Amino acid sequence: MKKVLVVDDSKSQQRLVNGLLQTLDVEVELADNGESALKWLTNNGQPDLILMDIVMPDMSGLDVCRHIRKEMNYKTVPIIFVTTKDEDFDKFWALRQGGTAYITKPYSPTDLINTVKNYL
């Protein structure tokens, strides 16, 4: 079974994404912030896909993405940013930091599911 790590500081967003991903028959792991995501990755290894918010307390999703790509050397795991930041520059910068795809909140459930399917 494929494993997806969802990193978001919003519990309601975690529940929403978890519910949507259940339709894809994947195992969903949740992390409340960047530090807990890095701890999970250290303890459990590379998931099949990461869905990550950008705006989080302490450590932004961009910082986490850079750490995953450079320090942990996870070059191939798809990282899909799911964020309220909707400027073209935000998207450009997120993809430059190592992101694979970018979804702006609010999004349609179909868009999220189709993007995840494309990278699993």
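Residues numbered from 1 in each chain as written. Predicted model: local features only at pLDDT ≥ 70, side-chain atom pairs only at ≥ 80, totals over all residues. Heavy atoms only, no water.

Attention shifts here to the overall build of the protein. Looking only at helices and strands, one finds 5 helices and 5 strands in the protein. Its helices and strands in sequence order give the protein the pattern β-α-β-α-β-α-β-α-β-α, from N to C terminus. Here the C-alpha atoms of the protein give a radius of gyration of 13 Å, agreeing with the 14 Å that 2.2 N^0.38 yields for 120 residues. Referenced to the eigenvectors of the C-alpha coordinate spread, the extents of the protein come out at roughly 35 × 35 × 25 Å. By the burial criterion, 48% of the 120 residues in the protein qualify as buried. Pairs at least 24 residues apart make up 62% of the contacts formed inside the protein by residues separated by at least 6 positions. (Helix = DSSP H or I, 4+ residues; strand = E, 2+ residues; numbered from the N terminus. Rg over C-alpha atoms; globule rule 2.2 N^0.38 Å. Buried < 20%, exposed > 50% of the residue type's maximum accessible area, 1.4 Å probe, protein only. Contact = heavy atoms within 4.5 Å.)

Right, let's get into helix H3 (residues 61–70). Buried within H3 we find Gly-61, Leu-62, Val-64, Cys-65, Ile-68 and Arg-69. The buried residues of H3 occupy one face: seen down the axis, they fall within an arc of 160 degrees. Looking at the buried residues of H3, the elements they touch are helix H2 (34–44), strand E3 (49–52), strand E4 (79–83) and helix H4 (88–96). (Arc of directions from axis to C-beta.)

UniProt tags Asp-53 as "modified residue: 4-aspartylphosphate" (unreviewed entry). For Asp-53, a relative accessible area of 5% translates into the label buried. (UniProt positions renumbered as here; feature names shortened; annotations may be inferred.)

A separate point is the pattern of salt bridges. This model, assessed by the stated rule, comprises 6 salt bridges. A salt bridge links Lys-11 to Asp-32; the nearest nitrogen and oxygen atoms lie 2.9 Å apart. Note that Lys-11 is positioned in helix H1 (residues 11–22) and Asp-32 in the loop between strand E2 (27–31) and H2, a separation of 21 residues in sequence. Overall, Asp-32 belongs to the partly exposed group, its relative accessible area being 34%. Note that Asp-63 and Arg-66 form a salt bridge whose closest N and O atoms lie 2.2 Å from each other. (Salt bridge = Lys/Arg side-chain N within 4 Å of Asp/Glu carboxyl O.)

On to the environment of Cys-65, then. Within the secondary structure, Cys-65 is located in helix H3. The exposure class of Cys-65 is buried, given its relative accessible area of 0%. It is 9.4 Å that separates the C-alpha atoms of Cys-65 and Ile-54, two residues lying 11 residues apart in sequence. Other than its neighbours up to four places away in sequence, Cys-65 contacts Met-52, Ile-79, Phe-81, Gln-97, Gly-98 and Gly-99.

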